[in-house]
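Structure assessment
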Amino acid sequence: HHTEATKMAGFQILFWGLLSVATTSALCPYMEGTAQQEGTATAQQEGEAEEYFASPSTMELKNRQYLDYVEDIKLTDWDAVRRDIDEFLTTSQDDVWPADFGNYGPLFVRLAWHNAGSYRTSDGRGGVDGARQRFDPERSWDDNTNLDKARTLLFSVKEKHPEVSWGDLIVLTGSRAIQSMGGPEVQFCAGRIDDDDGSDSLLLGPSTEQEQYAPCALNGTCQEPLGSTTIGLIYLNPQGPLGVPDSYGSSLDIRDSFGRMSMNDSETVALIGGGHTFGKAHGACPEGAGPSPRDDPLNAWPGLCGSGKGVDTFTSGIEGAWTTKPTTWDNEYFENLLTYDWRSHSGPGGAWQWRVNPGGNDGPPLPSPLAPTVDGTGTPQATMMMTSDVALTTDDLYRSIVREFADSLPAFETAFAAAWYKLVTRDMGPVFRCGNRGKQQNSQAPPPPQDFQHYLEPVEAVNYEEADVVDALTSQVFTSALRGGEGESAVSAVVKLAYACASTFRYTDYLGGCNGARIRFEPAKSWKANGYGEVVTRGLAVLSPVKDQFDISWADLVVLAGGVALEVASKGQVAIPFCPGRSDDISGDALKWLEPPVVGDVGETVDELKEFIQRTGVSYRDYVALLGARRSLGPATTPFYGDYTSDTATLDNGYFQDLLANTYIQVIALNDGDAVQYKAEDADLYAQSIDIMLKSDPELLALAQTYAAD
């Protein structure tokens, strides 16, 4: 049996962790590894809380793993790793998998791209962080055919540098491959943490979980939150929509799928062209690659064409190289697209692809450019294009970019280097997570912060005394029961604001959190979860007088005030530590993909709620506790109506007791004719669908019962 202090310590550590997760300053950095400022919780309470929450949340585990990994790679000689990679790329291991054209570079560009390219902005899932392509479902995707051989080959480098994660090694190898073949210098951000299994990729599909969360009735027409139009492919079907060689339709799929992964038109064309500058597609015969790792893990994709290797390789079913020099960086890919008249046909692998029309394109006949065979013997092979390549010439915007890159190799190089860094880094979150920044042993440190990293200037010094701000909050703000307006207490208004600000964080790509106080701006300010602006407007109005008195960032003030409000509401039973050092952003753009998908509407499902909880990185236990705290202290937020518990002035477990003791029926919200919520039959208490899920789902019910009883 745990003491009351233990339980309260558990809650205060939980709430402190939620509010502090995205703090990055040098003074109290959640992720930088230096000492944090002392809070008001005692060491005994913190120790008891550690015991009480014996199973840390995903977010906590990720943070611990990150700090451990950054410590592990402090002494890594990244230049030595690069030298080993460079030697490895041009040493063919024919007994494992022979190198096309005597160079593994194209294979490892593909490996890095197909690890990183699974990322999607809808929920932050996918990407190379975690290196989950080693596991199902990703390892058995059709688009990853034969990449098991690439990982087997790369293990020889991994053995030499065991402290380097698979994720970092895959990216660095792909980047070195580009440079070793004459491509632009692409910089490197270390800090990816390897997962132990593929569970965080289950929602990418194919899986039962994906079918429940994001069903796709016809594979090839999949919509968000899925990242690809086709489950099992990174972006889209290269043969064309649903396997039809429709180049214009393919251009629509390209813009759609790359857009789901936060790539604009220029980045899209640069990445496709850069990737297809190297190597070739494999479709030696119609028989295929054979069983996937899921079906035959000991002999996956043996290849059913001859030897299954080299000239007999089957991967996508499309056969041929895009350029005449498949291991040399240039802009021939774009020149070929514009110079020749391309016609679709069924290739030797049985897939739709495109070849040069010998009749020419409004001019004299032009013979097809020829590429060498992968083993350097035999007759040179005609180059080819995929439907998704020709698509870049049928869309006017894409075609203009193709023309730009065909005319200017430097323009292509600049665009590709930036797009590649974004491709392989965007799932890592803020730039401070680059564990090799400023290291002497790293001759190619990460570049300056990029736009996609939503950089915040670190706070070098805190210019306020925490005790003075706390005194102002307790003496000026949390003295009246109705300072929040509309009958809502200041405590309730501030707790709602602090939670709304902090809970934007998601561990899947480390975006969000209260650092930056971006919730003050659109789009987050007017999200439905925030009462279409009500939560933010009221909370900021309550805190404005204090903000005017001190040189404190909005982000720090919101977090500190949220903790103080809970301390006041607990009647002194809770003491929440505070970690200062947040800075303020000047826009809310960094939150544009982070709107909560579950807000309490009727029709939302438990599966949707649990997926959202998992995305935030907190455990179910954490989430239910945090929900109970918010429900305990004030009325519902527009468009909903009413109180959840009979005592909204005290932080206690009355919400759980009232919820479980009452029977609820659906009603129309009194302040909104369109909103449907729930009302207790025998009490003037209200609820939304999220609250009812605590009664209907066995896992959430067990937690609600635990808190109601104790």
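Please refer to the structure higher up on the page.
Residues numbered from 1 in each chain as written. Predicted model: local features only at pLDDT ≥ 70, side-chain atom pairs only at ≥ 80, totals over all residues. Heavy atoms only, no water.

Counting across every chain of the model gives 4 disulfides. Through a disulfide, C189 is tied to C434; the S-S separation comes to 2.0 Å. Note on the C189 and C434 pair: the S-S dihedral is about -105°, so by sign convention the disulfide is left-handed. Taken as a pair, C189 in the loop between α7 (166–180) and α8 (208–213) and C434 in the loop between α14 (409–425) and α15 (466–477) lie far apart in primary sequence, 245 residues in all. We note that C189, like C434, is buried. The disulfide that involves C501 links it to C514, with 2.0 Å between the sulfurs. The sign of the 95° torsion about the S-S bond sets the C501-C514 disulfide as right-handed. (Disulfide = S-S within 2.5 Å. Helix = DSSP H or I, 4+ residues; strand = E, 2+ residues; numbered from the N terminus. Buried < 20%, exposed > 50% of the residue type's maximum accessible area, 1.4 Å probe, protein only.)

The residue after G205, namely P206, is reached through a cis peptide bond having omega -5°. For P206, the location among the structural elements is in the loop between α7 and α8. Of the consecutive residues T638 and P639, the connecting peptide bond is found in the cis state with omega at 15°. Relative to the assigned elements, P639 resides in the loop between α20 (620–632) and α21 (654–661). Positive phi is not limited to glycine here, since A131 has a value of about 50°. Within the secondary structure, A131 is located in the loop between α5 (105–116) and α6 (147–160). Positive phi outside glycine occurs at H454, with the angle close to 50°. With respect to the secondary-structure elements, H454 resides in the loop between α14 and α15.

Turning our attention to the pairing of strand β8 (residues 676–680). Here 5 bridges tie strand β7 (residues 664–668) to β8, and the two strands are oriented antiparallel to one another. Its bridge partner lying in β8, Q666 is registered against Y678. Both β8 and strand β9 (residues 686–687) contribute to a ladder of 2 bridges, which runs antiparallel. Paired with Y678 across the bridge in β9 is A687. (Pairing = 2+ DSSP bridges.)

Core analysis: the largest hydrophobic core is formed by 82 residues, its most contacted members being W78, F108, L154, L392, W420 and L423. Ranked by residues supplied to this core, first place goes to α14 with 8 residues. The residues touching L423, leaving out its near neighbours within four places in the chain, are W113, A116, G117, Y235, M263 and L271. Core analysis: the second largest hydrophobic core is formed by 49 residues, V469, C501, A561 and I576 among them. (Core = buried A, V, L, I, M, F, W, Y, C linked by side-chain atoms within 4.5 Å. Contact = heavy atoms within 4.5 Å.)

With that settled, consider the sheet that holds β9. A sheet is described by the order of its strands in space; here 3 strands give the open sequence β7-β8-β9, paired in antiparallel fashion. The strands lining the two open edges of the sheet, one partner per strand, are β7 and β9.

Attention shifts here to helix α17 (residues 534–549). Quick reminder: α-helices carry 3.6 residues per turn. Residues three or four places apart thus point the same way. For α17, spanning 16 residues, the distance from its first C-alpha to its last is 24 Å, which sits close to the expected 22 Å at 1.5 Å a residue. In the structure, α17 departs most strongly from a straight axis at L543, where the bend amounts to approximately 45° and where the proline P545 lies between one and four residues downstream. Along α17, the residues that are buried comprise E534, V535, V536, R538, G539, L540, V542, L543 and V546. (Expected span 1.5 Å × (residues − 1). Bend = angle between axes of the 7 residues up to and from the residue.)

Bringing the pattern of salt bridges into the picture now. A complete count under the given rule lists 31 salt bridges for this structure. For R255, the salt bridge identified is with D395, shortest N-O distance 3.0 Å. With R255 in helix α9 (residues 247–259) and D395 in the loop between α12 (387–394) and α13 (396–407), this pair connects stretches of sequence that are 140 residues apart. Under the relative-accessibility criterion, R255 is labelled partly exposed at 28%. Using a relative accessible area of 10% as the deciding quantity, one classes D395 as buried. Several salt bridges share partner residues, and in doing so they unite R120, D123, R125, E611 and R615 into one network. (Salt bridge = Lys/Arg side-chain N within 4 Å of Asp/Glu carboxyl O.)

Together, L218, L242 and V244 make up an exposed nonpolar region whose accessible area comes to about 270 Å². For L242, the position within the fold is in the loop between α8 and α9. (Patch = residues over 30% accessible without salt bridge, like charges linked within 9 Å, V, L, I, M, F, W, Y side chains within 5 Å. Areas by Shrake-Rupley, 256 points an atom, 1.4 Å probe, with all protein chains shown as cover.)

The geometry of helix α11 (residues 332–339) relative to α12 is characterised by a closest axis approach of 10 Å and an angle of 70° between their N-to-C directions. Accordingly, the angle class assigned to the pair α11 and α12 is roughly perpendicular. The two elements α11 and α12 meet at a crossing, and its hand is right-handed. Between α11, through Y333, L337 and L338, and α12, the contact on the second element is made entirely by D389, V390, L392 and T393. Tallied by class, residues from the contact of α11 with α12 come to 5 nonpolar, 1 polar and 1 charged. (Axes fitted to C-alpha atoms, helices over the stretch in contact; angles between N-to-C directions. Parallel < 35°, antiparallel > 145°, perpendicular 65-115°, else oblique. Left-handed = near helix turned anticlockwise from the far one by under 90°. Nonpolar A, V, L, I, M, F, W, Y, C, P; charged D, E, K, R; others polar.)

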